[in-house]
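Residue-level structure breakdown
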Amino acid sequence: MTITSYPFDSQTVTESQYGYLFREFQDSGVATGYDAPGFLIGPGTGMNVTVQPGLAILRGHMVQSTATETLAIPAAGTSPRIDRVVLKLDPAANSITLVVKQGAAGSSTPPATTQTDTGVYELALGQIAVGANVTSIGAADITATRPVVGHRIGIWATSTRPSAPRKGQLGFNNSLARWEWWDGAAWSDLAPTVSWSSLTGKPSSYTPSAHSHQWADISNPPASMPPTAHKHPWGDVTGTPSTYPPASHSHAWSSVTSKPSTFPPSSHSHSQYLESGDTISWANGTKRVHADSVSGSGTYYAVWVQGDGTFARNTSSRRFKQSIRDIDIAPEAVLALRPRVYDRRPKEDGGDYLRDEFGLIAEEVAETLPEIVTRDEEGQIDALRYDLLGVALLSVVQDQERRIAALEARVEELAR
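Residues numbered from 1 in each chain as written. Predicted model: local features only at pLDDT ≥ 70, side-chain atom pairs only at ≥ 80, totals over all residues. Heavy atoms only, no water.

Observations concerning the sheet that holds strand E6 (residues 69–72)
In spatial order, the strands read E2-E3-E6; together these three strands make up an open sheet with antiparallel pairing. Either end of the sheet is taken by a strand with one partner, and the two such strands are strand E2 (41–43) and E6. The sheet shows a mean angle of 35 degrees between the axes of neighbouring strands, direction not considered. In this sheet, E6 lies alongside strand E3 (residues 48–51) in antiparallel orientation, the contact comprising four bridges. In the sheet register, Asn48 faces E6, and the bridge partner there is Ala72. (Pairing = 2+ DSSP bridges. Helix = DSSP H or I, 4+ residues; strand = E, 2+ residues; numbered from the N terminus. Axes fitted to C-alpha atoms, helices over the stretch in contact; angles between N-to-C directions.)

Here you go:
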């Protein structure tokens, strides 16, 4: 038989049929005011939570709690999880009970609820955030998710809307503070706020009809009306000056035309500086600088000439040096130096050779004592630091001193 009707006198009606009947009168949820405490979850002691007394409907079945219930949350693990507290309808057991569903370790999603049409049906009351290794549950760890049904026109939060609404179902969304209805695909605002931007078909502008205003009717008119930007023909201007002397002003170098490409300097001289072709004048007519009087500190300095021609005094004080450390110069490297005699090439502009000059050859010195060889900007061997040669000779003298001392000691030992 395809048509069934109930309940009637002397007719057997099953609990499933009563469930179908009553669920048409009321949705599943807690039968209480939205802000009332029915079946509300709170913190207990340690890993326990409490559930307030209340009345609820689950798929046409009624459950009532008259006292605060305490539920134990499973012990925390090493990873956080989300548990869920539900009211569980089990028709096979003829019961509706409070149950804690444990979430998966490390997951931020609570376990799903079971909502079958004739078997087990679970109504979610709240979520419990269980941190890693915690030993107690606080109020901040509890999130209420209970749906509230106080009447056929329901009241809910956005997260607890009816799970299977019918088109046209009406209710008040407490999260959004608005009445909404199910249009078959989404929850729509029953009385949406209309803004100017949401109006369609409105004109882009409103042209006023022809009209006039009395000057006396205009509020806040300006005291004067400066003319807008405009021009006058030169012939209409009266009292013009005959000439226009330029006011004090300047010109950018780039705006000057026909300027010369170079500017030869006028005749001049520089004091206290050597110039090309200059010679050094000998003080007091003598080349014996140690016999001259001096100014300033009264100190004479040896002078270096840098590659760019700059003069610099040769200083040796500790305060001008850093990273001071010993150096071992092999006496053999110094003794290998070969004194030479040679002719010095003349200057590029010609002249005689400087005959029979004696000294050292830098390339030969570089083979055994490169520390006193200098190179030019291109890295070629160029000159010698003859001022450092005496320092290198100290290694020879010190080696000879050690040898002499050893020989003297040997002689004394043989004499005994």
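Let's pick the thread back up.
Points about the sheet that holds strand E1 (residues 29–30)
Sheets are built from strands that pair by backbone hydrogen bonding, the pairs being arranged parallel or antiparallel. The strand order across the open sheet built from three strands is E1-E4-E5, with neighbouring strands paired in antiparallel fashion. Every other strand in the sheet has two partners, leaving E1 and strand E5 (61–65) as the edge strands with one partner each. Bridging between strand E4 (residues 54–58) and E5 involves five bridges; their strand directions are antiparallel. Note on E5: the bridge partner recorded for Gly54 is Ser65.

Points about the environment of Leu55
For Leu55, the position within the fold is in strand E4. Relative accessible area serves as the criterion here: at 29%, Leu55 is assigned to the partly exposed category. Here the alpha-carbon distance between Leu55 and Ser65, two residues 10 residues apart in the chain, equals 6.5 Å. For Leu55, the contacting residues outside a window of four places in its chain are Val30, Ala31, Phe39, Met62, Val63 and Gln64. (Buried < 20%, exposed > 50% of the residue type's maximum accessible area, 1.4 Å probe, protein only. Contact = heavy atoms within 4.5 Å.)

Some words on a negative patch on the surface
A cluster of acidic residues, Asp308, Glu377, Glu378 and Asp382, forms a negative patch on the protein surface. Its location among the elements puts Glu378 in the loop between strand E19 (373–375) and strand E20 (381–384). (Patch = residues over 30% accessible without salt bridge, like charges linked within 9 Å, V, L, I, M, F, W, Y side chains within 5 Å. Areas by Shrake-Rupley, 256 points an atom, 1.4 Å probe, with all protein chains shown as cover. Salt bridge = Lys/Arg side-chain N within 4 Å of Asp/Glu carboxyl O. Lys, Arg positive; Asp, Glu negative; His and termini not counted. Charge placed at Lys NZ, Arg CZ, Asp CG, Glu CD.)

Re helix H4 (residues 386–415)
Spanning 30 residues, H4 covers 44 Å between terminal C-alpha atoms, matching the ideal 44 Å at 1.5 Å per step. Against the buried residues of H4 lie helix H2 (331–335). (Expected span 1.5 Å × (residues − 1).)

Considerations on the side chain of Glu180
Tracing the backbone through its elements, the reader meets Glu180 in strand E13 (residues 178–182). Among the polar contacts listed, one links the side chain of Glu180 to the side chain of Trp156, at a separation of 2.7 Å. Discounting residues that sit within four places of it in the chain, Glu180 has contacts with Trp156, Arg161, Gln169, Leu170, Gly171, Asn173, Trp187, Ser188 and Leu190. (Polar contact = N/O pair within 3.5 Å; in protein donor to acceptor, adjacent residues only side chain to side chain.)

A look at the packing of aromatic side chains
One pass over the full model with this rule turns up six aromatic pairs. Centre to centre, the rings of Phe22 and Phe25 are 6.3 Å apart; their planes meet at 50 degrees, and the pair counts as tilted. Accessibility expressed as a relative area gives 52% for Phe25, which makes it exposed. Aromatic pair Trp253 and Phe263: ring centres 6.2 Å apart, planes at 55 degrees, arrangement tilted. Here Phe263 lies in the loop between strand E14 (187–189) and strand E15 (303–305) and Trp253 lies in the loop between E14 and E15, a separation of 10 residues in the sequence. There is no split in this pair, since Trp253 and Phe263 are both exposed. In this structure an aromatic cluster arises from ring pairing among Tyr18, Phe22 and Phe25. When the ring centre of Trp196 is taken as origin, the NZ or CZ atom of Lys202, which lies over that ring, is 5.5 Å away. (Phe/Tyr/Trp six-rings, centres within 6.5 Å; stacked < 30°, edge-to-face > 60°. Lys NZ or Arg CZ within 6 Å of the ring centre and 35° of its normal.)

Observations regarding a nonpolar patch on the surface
On the surface, Val194, Trp196, Leu199 and Tyr206 cluster together into a nonpolar patch covering about 470 Å² of accessible area. Taking relative accessible area as the criterion, Leu199 reaches 37% and is therefore assigned partly exposed.

Brief notes about the pattern of salt bridges
Counted under the stated rule, the structure contains 12 salt bridges. Taking the shortest distance from any N to any O, the salt bridge between Asp117 and Arg23 comes out at 2.8 Å. Of the two residues, Asp117 sits in the loop between strand E8 (95–101) and strand E9 (121–130) while Arg23 sits in helix H1 (residues 15–23), which places them 94 residues apart along the sequence. Ionic pairing is found between Arg403 and Asp399, a salt bridge with its closest N-O pair at 2.9 Å. Highlighted residues: Arg403 and Asp399, both in helix H4, separated by four residues, approximately one helical turn. One network of salt bridges, with partners in common, ties together Arg161, Arg178 and Glu180.

Looking at the nonpolar core
The biggest cluster of nonpolar side chains holds 22 residues, and the ones touching the most others in it are Phe39, Ile41, Val49, Leu58, Leu87, Ile128 and Ile137. Those elements that provide at least two residues to this core are E3, E4, strand E7 (81–90) and E9. Per element, the largest residue contribution to this core is five residues, and it comes from E9. Not counting chain neighbours up to four residues away, the residues in contact with Ile128 comprise Ile41, Val49, Ile73, Arg81, Ile82, Asp83, Val85, Ile137, Asp141 and Ile142. (Core = buried A, V, L, I, M, F, W, Y, C linked by side-chain atoms within 4.5 Å.)

Here we look at unusual backbone geometry
Omega for the bond connecting Tyr6 with Pro7 falls within 30 degrees of zero, at -5 degrees, which places this linkage in the cis form. Summarising the element assignment, Pro7 is placed in the segment before H1. At Ser10, a residue that is not glycine, the phi angle is positive and equals roughly 55 degrees. Among the structural elements, Ser10 can be located in the segment before H1. With a relative accessible area of 85%, Ser10 lands in the exposed category. In this model, Arg59 sits at a positive phi of 50 degrees, which is unusual for a non-glycine residue. Its location among the elements puts Arg59 in the loop between E4 and E5. The exposure class assigned to Arg59 is buried, which follows from its relative accessible area of 6%.

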